[in-house]
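Architecture at a glance
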Amino acid sequence: MRIIAPLLCGLIFGAGLLISGMVQPAKVLAFLDIFGAWDPSLAVVMAAALAVSAPGFRLADRSARPWFAGQYFQPGKSGVDLPLLAGAALFGIGWGLVGLCPGPALESLATLSPGIIGFVAAMACGVMAHDVWQQRRLTAQRDRPLVSVTDG
Amino acid sequence: MANFTPVSAAIGGALIGLSAVLLMLSTGRVAGISGIFAGLLNWRGEDKRWCIAFLGGLILAPILAGLIGYGMAQPRLSSNWAVIVVAGLLVGFGTRLGGGCTSGHGICGIARLSPRSVTATIVFMATAIITVAVTHHMLGG
């Protein structure tokens, strides 16, 4: 179940992106293009997702532990800091350039589109560049805590 | 608003929310795609199997949909390879530095009313909107 449950969740997530049309970069860019022919669909996707996930997470809060794991893995960081702001700003620029964020990009690998494969390879390089950079910083200042912890 | 599709957006969004809730209830993990992807790439990472399973399901979805006649259209992307590569680098580095993307911050984090996630979502929405405004309207692309 520890493998089947995340596999099914990935399938449901993928179905949601497909049905909502968010796998299509053009649809995402049409939402971000508020000065053009604006398409508010992405806002509806987020609102519907939140309408389900907000009460659903409350439910999870009330159970002591997950069905198939020993504990919940909640993000540990709180408080807004510079890495959060800078990281979100850079991500937004990349997202706005082509209309792809990680979920739709990875799902679209199924189409074997060369552009998607190139994007995902570049994205992997970006992730690894960040991790190598943080690792260097950590070795340079061994006493200080690691700055970036993934929220989600 | 000629292309507004509220019904399919609401159904798809609800499924995304359901997936995030089921992943939390079953495995205790946050359905943040950038975090899952980074977990896969991190050579020191503890448990990669659930990351592989989730991303496997994500990629399998359009293949299964194709088998029942709802195949995914080939995504139309910028034809400029430099733009694609720069965008990919920014998305990878930025989501890692900021600790999440549209799913982790935008859906899971906001659902928990995390101040970090609310802030991150406002910031990436703002820079994405500005980027589109500049590239589509000022540079004429």
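Scroll up to find the structure this text is about.
Along every chain, residues carry numbers that run from 1 in the direction the sequence is written. Going through the entries in the order they are written, you letter the chains from A and number the ligands from 1. Residue-level local features of this predicted model are given only where pLDDT is at least 70; pairs of side-chain atoms are given and counted only at 80 or more, and the full residue set underlies all totals for whole chains, interfaces and linings. Values reported for side chains reflect all heavy atoms of the structure, with hydrogen atoms and water molecules removed beforehand.

**Notes on the overall build of chain A**
Our working rule: For helices the rule is a DSSP run of H or I covering at least 4 residues; for strands it is a run of E covering at least 2, with both sets numbered from the N terminus onward. Here the term buried applies to any residue with accessible area under 20% of the maximum for its type, exposed to any over 50%, and partly exposed to those in between, with areas from a 1.4 Å probe on protein chains only. It only takes one pair of heavy atoms within 4.5 Å for two residues to be counted as in contact. His residues and chain termini do not enter the charge count, which takes Lys and Arg as positive and Asp and Glu as negative. To locate a charge, the coordinates of NZ of Lys, CZ of Arg, CG of Asp or CD of Glu are taken.
Broken down by element type, chain A carries 6 helices and 0 strands. In chain A, the order of α-helices and β-strands from amino to carboxyl end is α-α-α-α-α-α. Along the longest, intermediate and shortest principal axes, the C-alpha atoms of chain A span 50 × 40 × 30 Å. Residues counted as buried form 50% of the 152 residues belonging to chain A. Restricting the contact set of chain A to residue pairs at least 6 apart, pairs at least 24 apart contribute 42%. Averaged over its 10 positive side-chain charges, chain A has a centre that lies 10 Å from the centre of its 8 negative ones.

**Re the state of the cysteines**
Simply put, the disulfide is a covalent bond whose two ends are the sulfur atoms of two cysteines. Residues and elements named next belong to chain B. Stated formally: Any cysteine sulfur atom paired with another within 2.5 Å is treated as part of a disulfide.
Within this structure, the stated rule accounts for 0 disulfides over all chains. Looking at the unpaired Cys-108, the closest cysteine sulfur is the one in Cys-101, lying at 9.0 Å. We classify Cys-108 as buried; its relative accessible area is 3%.

**Remarks on the interface of chain B and chain A**
This is how it is decided: Throughout, buried area stands for the accessible area (probe radius 1.4 Å) lost by two parts on being put together, summed over both. Whenever a carboxyl oxygen of Asp or Glu lies within 4 Å of a side-chain nitrogen of Lys or Arg, that contact is scored as a salt bridge. Any pair of N or O atoms that falls within 3.5 Å is considered a polar contact. Within protein, one atom must be able to donate a hydrogen and the other to accept it, and sequence-neighbouring residues count only if both atoms are side-chain atoms.
Each partner contributes to the interface: chain B provides 106 residues, whereas chain A provides 114 residues. Around 9,700 Å² of area is buried between chain B and chain A when both sides are counted, 78% of it from carbon and sulfur atoms. Three residues, Leu-25, Leu-97 and Arg-116 of chain B, lead the burial of chain B against chain A; their summed loss comes to 8% of the area buried on that side. Where chain B touches chain A, the interface holds 2 salt bridges. The partner of Arg-96 of chain B in a salt bridge is Asp-131 of chain A, and the shortest N-O contact between them spans 2.7 Å. Between chain B and chain A we count 15 residue pairs in polar contact (both at pLDDT 80 or more) in total. Among the secondary structure elements, those contributing two or more residues to the side of chain B that touches chain A are helix H1 (6-27), helix H2 (33-41), helix H3 (49-67), helix H4 (81-98), helix H5 (104-111) and helix H6 (115-138) of chain B. Ranked by residues supplied to the side of chain B that touches chain A, first place goes to H1 of chain B with 21 residues.

**Here's the deal with the pattern of salt bridges**
For the coordinates displayed, the defined rule picks out 3 salt bridges over all chains. For Asp-81 of chain A, the salt bridge is made with Arg-116 of chain B, and the minimal N-O distance between the two is 3.3 Å. With Asp-81 of chain A in the loop between helix H3 (41-62) and helix H4 (82-98) and Arg-116 of chain B in helix H6, this pair bridges two chains. The class of Arg-116 of chain B is buried, set by a relative accessible area of 3%.

**Topic: the nonpolar core**
We count it as follows: Only buried residues count toward a nonpolar core. Its members are Ala, Val, Leu, Ile, Met, Phe, Trp, Tyr and Cys residues joined through side-chain atoms within 4.5 Å.
Within the largest apolar cluster, 67 residues are counted, with the highest numbers of intra-cluster contacts made by Leu-32, Trp-95 and Phe-119 of chain A. Not counting chain neighbours up to four residues away, the residues in contact with Phe-119 of chain A comprise Val-98, Leu-100 and Ala-105 of chain A together with Ile-84, Ala-87, Gly-88 and Val-91 of chain B.

**Things to note about empty space enclosed by the protein**
Test applied: Only protein atoms enter the 1 Å grid used here. Points where a 1.4 Å probe fits but cannot escape make up a cavity, open sets with protein on both sides within 12 Å along at least five of seven lines make up a pocket, and a residue lines them when an atom lies within 4 Å of a point. Grid points are joined across faces, edges and corners, and a volume is the space filled by probe spheres set on the points. Each residue receives one of three labels: charged for Asp, Glu, Lys and Arg, nonpolar for Ala, Val, Leu, Ile, Met, Phe, Trp, Tyr, Cys and Pro, and polar for the others, Gly being one of them. Start and end positions for the domains come from either an automated domain assignment or a database one.
Under the counting rule described, the total for this entry stands at 1 cavity of 30 Å³ or more. If you add up the space inside the largest cavity, you get close to 200 Å³. In terms of lining, the largest cavity is formed by 18 residues, of which the most central are Leu-17, Met-22 and Cys-101 of chain A together with Thr-102 and Ile-107 of chain B. Broken down by secondary-structure element, the contributors of at least two residues to the lining of the largest cavity are helix H1 (4-20), H3 and helix H5 (102-107) of chain A. The residue makeup of the lining of the largest cavity, split by class, is 15 nonpolar, 3 polar and no charged. Two domains each provide a minimum of three residues to the lining of the largest cavity, namely domain 1 (1-74) and domain 2 (80-152) of chain A.

**Section: H1 of chain B**
Going by this rule: A helix is expected to span 1.5 Å for every residue after the first.
Between its first and last C-alpha, H1 of chain B extends 31 Å over 22 residues, near the 32 Å set by a 1.5 Å rise per residue. One or two steps after H1 of chain B, the chain reaches Gly-28 of chain B, where phi turns positive at roughly 75°.

**Brief notes about helix H2 (residues 25-32) of chain A**
By the criterion of burial, H2 of chain A is predominantly enclosed, with 7 of the 8 residues buried. Buried within H2 of chain A we find Pro-25, Lys-27, Val-28, Leu-29, Ala-30, Phe-31 and Leu-32 of chain A. Where H2 of chain A is buried, its residues touch H1, H3 and H4 of chain A together with H6 of chain B.

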